Amino acid sequence: MASPDAGAREKAFDDYYGAAHHQGDVYPCTAASLPFLFALADDEATPDRGAVVQLLLSIGRAAVDCGEHIYLAPEGGESTAAADSVAMMRERSHSVLAYAQDPDPVVRRAGIEGLGLFIEDADRAFGALRERLPEEGGSVERLLVVSTAATLALRLPAAHTAATAWLADLADDPTTEPDIRLAALVHHARCGTEYDDAVPAAIALLRRLAPAPEHGSGPAESRAGTGFGACACGGGNGHETEGDAEAVTQNGVPPQVTAAFEDLDRHGRLHAPTTSLLRTFHTVLDARVPERTALLTEQLRSRDPGMRYDAIRMAQDLITSWRGEYTGLVLLLADCLLPRDPYTAAAAAESLRVLGPVGEPAREALAAHVAAYRATHGLNAWAATKALPRRAHQEAVMALATLGDPRALPCLLTALDGAVDTWRAVEVAGRLRPGAGELVPRLSRHLAVADMSNPWAVMGAAGALMSALAELGDAAAVPALTDALTTAVRHEQPDIAASALKALTTFGTEAASSLEVIRPLAEAADANLRAAALAALRALEHDPADLVPRLCDLLDTHAHHDAADVLGLIGPPAAAALPRLRTMLTADYEWTRVHAATALWDIAGEAEVDTVLATLLAAWEKNGATSNNVLACLDRMGPAAAPALSRLRTELAQARRSGRFGSVTNDEELQHTCRTVLTRLS
């Protein structure tokens, strides 16, 4: 790290981060290296000295996050590396104080943050921070001073009163710059102090930073001509470099995997200097949905294109985390769908797609955006040359299709007939059942040529194609699914074969032509494949006599959840499984108990009502992700579910979303089922 050769230094830092600070962890060797790193950082002749101090800060921050706990070391035994590292950082407080006053801004920023983490003398640390604010000329450093004061107040009770009073004074001082006042207001709230008036004050400061639209002009008019797609926000965020390359399979890696990493990069970008502050403020406000909605309304109406862009993801996070009335926010997201700003339009459309049914108020705006783009770029708009407009169009089409709107169909057909980003069309094709007659032949052709031979096949197109065909519900897909099942078995891909079986199962007796292929798989070595085959046989033949003993055998394998579900579908003829299902009710894992209890009800009915209800409600209380499964069973139980009424009311009264996978769609379904059961029982 001290080498005069820049390449050698770069390699040294890379090696250190990979070996001694891998993924931000702290090991005994990390703690042992700290004296050497301090020696480098304290020597003004050290090249890349700022990088050394940043490394020290990263190690110290990670160690503080670990607390004083003792952890198991990777090589075995106990490790006190985190506690040792924190102790050493605090022993070198004189160095940290010196870094906070260093002429090099990179060193100084790390030092300022270190004042909040490593100085034990509250008065000394807070005094150093107060001195820094008037000395700093850069906005980044000044904002860092303010946030560090809050960190110090939260870490050291002795600093809390003085630091929070200082933050309050800064927030109220009309002679202080608006961004510093906003930071002081946010971090004052972060310290746990009262903030009833904080949101109106923050909105007023945001308007000073980026004036609100003139009276009578909506957000769409106010943002016209900003040219944000050409990086009007500045800061080198990288979106202007999006290439024109098509998403294709590279080195056998499916394009959707590559796209997922691109999304991670895109979602990690900041487009406005206030973004980190506002994210912190939303975290502090937490469940105060009306206040957060008011703040986001201001952000989404801002003339600052960067602030507006970053507000899109914040709005998505609010709506997907908390229940509420979001029509206004959804319409503001829809106002971001202007063709002249494809970067922002793509982000807005992506969020609307994630919102699922909650995005309904944006339906007409999405349809208009799709129609306008096709009018400009023709029938092949899906495969437009420029990456940004192409992504904006594709995201809008997918969001429209997610709402089940048939106006998305022509675009999806074009995508399925072409070779550009076809996988994106497949993801949403199943939502357009009225278009099944045109979609099924195209999806079937793609499934016929899907590669099931390589190790990535399970993450490839086949599974998505099968799911789409199953959703569309057109039995014309049965031959293609049967052929795909045969191919998957030939290539020894049991997971893909199981997906094909699950798709065929949805067609019931209409898929009887595939029975000759399915029957041998009921003896498959892979338990999941065997369970899927037995489920398919039940749906296609409705003859449980031979299935129940085989399914009972599967209750002792890792496919026991699927087996229990199929036994429940068989109902009373599966009574032989009752003793084993009752045993599953004692499992430690709540999901196992839920699957067993629902099967118990479907097979034995009223005779097991007390046991079933107690099991389902206890599992629901422990793990909200089970709620959709629990509610589906309560719905089937009819009047017998009456003892669950209070739990249903409690669920509807809670503000945070629930349901499987944290999905908005699942939570909306959960609320609908709750209301349906409550209405019936009331």
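All values reported here derive from a predicted model rather than from experimental measurement. (Residues numbered from 1 in each chain as written. Predicted model: local features only at pLDDT ≥ 70, side-chain atom pairs only at ≥ 80, totals over all residues. Heavy atoms only, no water.)

So what's going on with the environment of isoleucine 518? Residues and values would help.
Within the fold, isoleucine 518 resides in helix 27 (residues 515–518). Considered as a pair, isoleucine 518 and leucine 501 are 17 residues apart in the sequence and their alpha carbons are 7.7 Å apart. (Helix = DSSP H or I, 4+ residues; strand = E, 2+ residues; numbered from the N terminus.)

Describe the pattern of salt bridges, and please don't skip the residues or the numbers.
Applying the stated criterion across every chain yields a total of 41 salt bridges. Here arginine 391 and glutamate 350 are joined by a salt bridge, their closest N and O atoms 4.0 Å apart. Taken together, the residues span a long stretch of sequence, with arginine 391 in helix 20 (residues 387–402) and glutamate 350 in helix 18 (residues 342–355) at a distance of 41 residues. In this structure, arginine 391 and glutamate 350 share a single accessibility class: buried. Taking the shortest distance from any N to any O, the salt bridge between arginine 550 and glutamate 523 comes out at 3.0 Å. Here arginine 550, found in helix 29 (residues 547–554), pairs with glutamate 523, found in the loop between helix 27 and helix 28 (527–541); they are 27 residues apart in sequence, far enough to count as distant. Linked through salt bridges whose partners overlap, the residues forming this network are Arg323, Glu621, Arg647, Glu651, Arg657, Asp667 and Glu668. (Salt bridge = Lys/Arg side-chain N within 4 Å of Asp/Glu carboxyl O. Buried < 20%, exposed > 50% of the residue type's maximum accessible area, 1.4 Å probe, protein only.)

Kindly report on the side chain of histidine 560, identifying the contributing residues and their values.
Assignment of secondary structure puts histidine 560 in helix 30 (residues 560–570). A residue is classified by how much of its surface remains accessible, and histidine 560, at 18% relative accessible area, is buried. A polar atom in the side chain of histidine 560 sits 3.4 Å from the side chain of histidine 561. Each residue touching histidine 560, except ones within four places of it in the same chain, is listed here: Leu554, Leu555, Met584 and Thr592. (Polar contact = N/O pair within 3.5 Å; in protein donor to acceptor, adjacent residues only side chain to side chain. Contact = heavy atoms within 4.5 Å.)

Break down unusual backbone geometry for me, with residues and values.
Notably, glutamine 23 is not glycine yet its phi reads approximately 55°, a positive angle. Within the secondary structure, glutamine 23 is located in the loop between helix 1 (6–19) and helix 2 (28–42). Residue classification places glutamine 23 among the exposed positions, given a relative accessible area of 70%. In the Ramachandran plot, aspartate 48 falls in the positive-phi region, its phi being about 55° despite a non-glycine side chain. In this structure aspartate 48 comes out as partly exposed when scored by relative accessible area, which is 37%.

Describe the environment of valine 548, naming the residues involved and giving the relevant values.
Mapped onto the fold, valine 548 is located in helix 29. Valine 548 gets classed as buried once you look at its relative accessible area, which sits at 7%. Separated by 15 residues in the primary sequence, valine 548 and alanine 563 place their C-alpha atoms 9.4 Å from one another. Those residues in contact with valine 548 that lie beyond four places of it in its chain are Leu567, Ile570, Pro573, Ala574 and Ala576.

How would you explain the packing of aromatic side chains if you had to name every residue and give the values?
Under the counting rule described, the total for this entry stands at 2 aromatic pairs. Ring plane angle 10° and centroid distance 4.6 Å describe the contact between tyrosine 309 and tyrosine 343, whose orientation is recorded as stacked. Pair noted here: tyrosine 309 is in helix 16 (residues 305–321) and tyrosine 343 is in helix 18, with a separation of 34 residues, a long-range link. A cation sits over an aromatic face here: arginine 647 above tryptophan 620, 4.0 Å from the ring centre. (Phe/Tyr/Trp six-rings, centres within 6.5 Å; stacked < 30°, edge-to-face > 60°. Lys NZ or Arg CZ within 6 Å of the ring centre and 35° of its normal.)

Before we move on, can you summarise the environment of proline 389 with the specific residues and values?
Locating proline 389 in the fold gives a position in helix 20. Spatially, the C-alpha atom of proline 389 lies 7.5 Å from that of tyrosine 343, the residues being 46 residues apart in sequence. The contacts of proline 389, once residues within four sequence positions are left out, are Pro342 and Tyr373.

Could you give an account of the state of the cysteines, with specific residues and numbers?
As enumerated under the stated definition, the model contains 0 disulfides in all. Here cysteine 29 stays unpaired: no disulfide links it, and the sulfur of cysteine 66, its closest cysteine neighbor, is 14 Å away. A residue is classified by how much of its surface remains accessible, and cysteine 29, at 42% relative accessible area, is partly exposed. (Disulfide = S-S within 2.5 Å.)

I'd like a description of helix 11 (residues 198–209), backed by residues and values.
For helix 11, spanning 12 residues, the distance from its first C-alpha to its last is 16 Å, which sits close to the expected 16 Å at 1.5 Å a residue. Lining the buried residues of helix 11 we find helix 10 (178–190), helix 14 (275–285), helix 15 (289–300) and helix 16. (Expected span 1.5 Å × (residues − 1).)

Tell me about the packing of helix 32 (residues 590–604) against helix 33 (residues 609–622), residues and numbers included.
For the pair helix 32 and helix 33, interaxial distance at closest approach is 9 Å and the crossing angle is 150°. For the element pair helix 32 / helix 33, the angle class is roughly antiparallel. You can see that helix 32 and helix 33 cross each other, and the crossing is left-handed. Here Glu590, Arg593, Val594, Ala597, Thr598, Leu600 and Trp601 of helix 32 lie close against helix 33, whose contacting residues are Val609, Thr611, Val612, Thr615, Leu616, Ala619 and Lys622. For the contact of helix 32 with helix 33, the residue count by class is 8 nonpolar, 3 polar and 3 charged. (Axes fitted to C-alpha atoms, helices over the stretch in contact; angles between N-to-C directions. Parallel < 35°, antiparallel > 145°, perpendicular 65-115°, else oblique. Left-handed = near helix turned anticlockwise from the far one by under 90°. Nonpolar A, V, L, I, M, F, W, Y, C, P; charged D, E, K, R; others polar.)

I'd like to hear about the confidence of the model for the protein chain, residue by residue, with values.
In this model, the protein chain carries an average pLDDT of 90, and 91% of its residues clear a pLDDT of 70 or more. A low-confidence stretch, residues 212–249 (pLDDT under 50), is modelled with 77 contacts involving residues beyond four sequence positions or located in other chains. (pLDDT = per-residue confidence, 0-100.)

Pulling in residues and values, what's your account of the packing of helix 10 against helix 14?
Interaxial distance between helix 10 and helix 14 falls to 9 Å at its minimum, and their mutual angle equals 25°. In terms of orientation, helix 10 lies roughly parallel with respect to helix 14. Helix-helix and strand crossings are classified by hand; for helix 10 and helix 14 the assignment is left-handed. In this structure, helix 10 uses Asp179, Leu182, Ala183, Leu185, Val186, His187, Ala189 and Arg190 to contact helix 14, whose residues at the interface are Leu277, Thr280, Phe281 and Val284. Classifying every residue of the contact of helix 10 with helix 14 gives 8 nonpolar, 2 polar and 2 charged.

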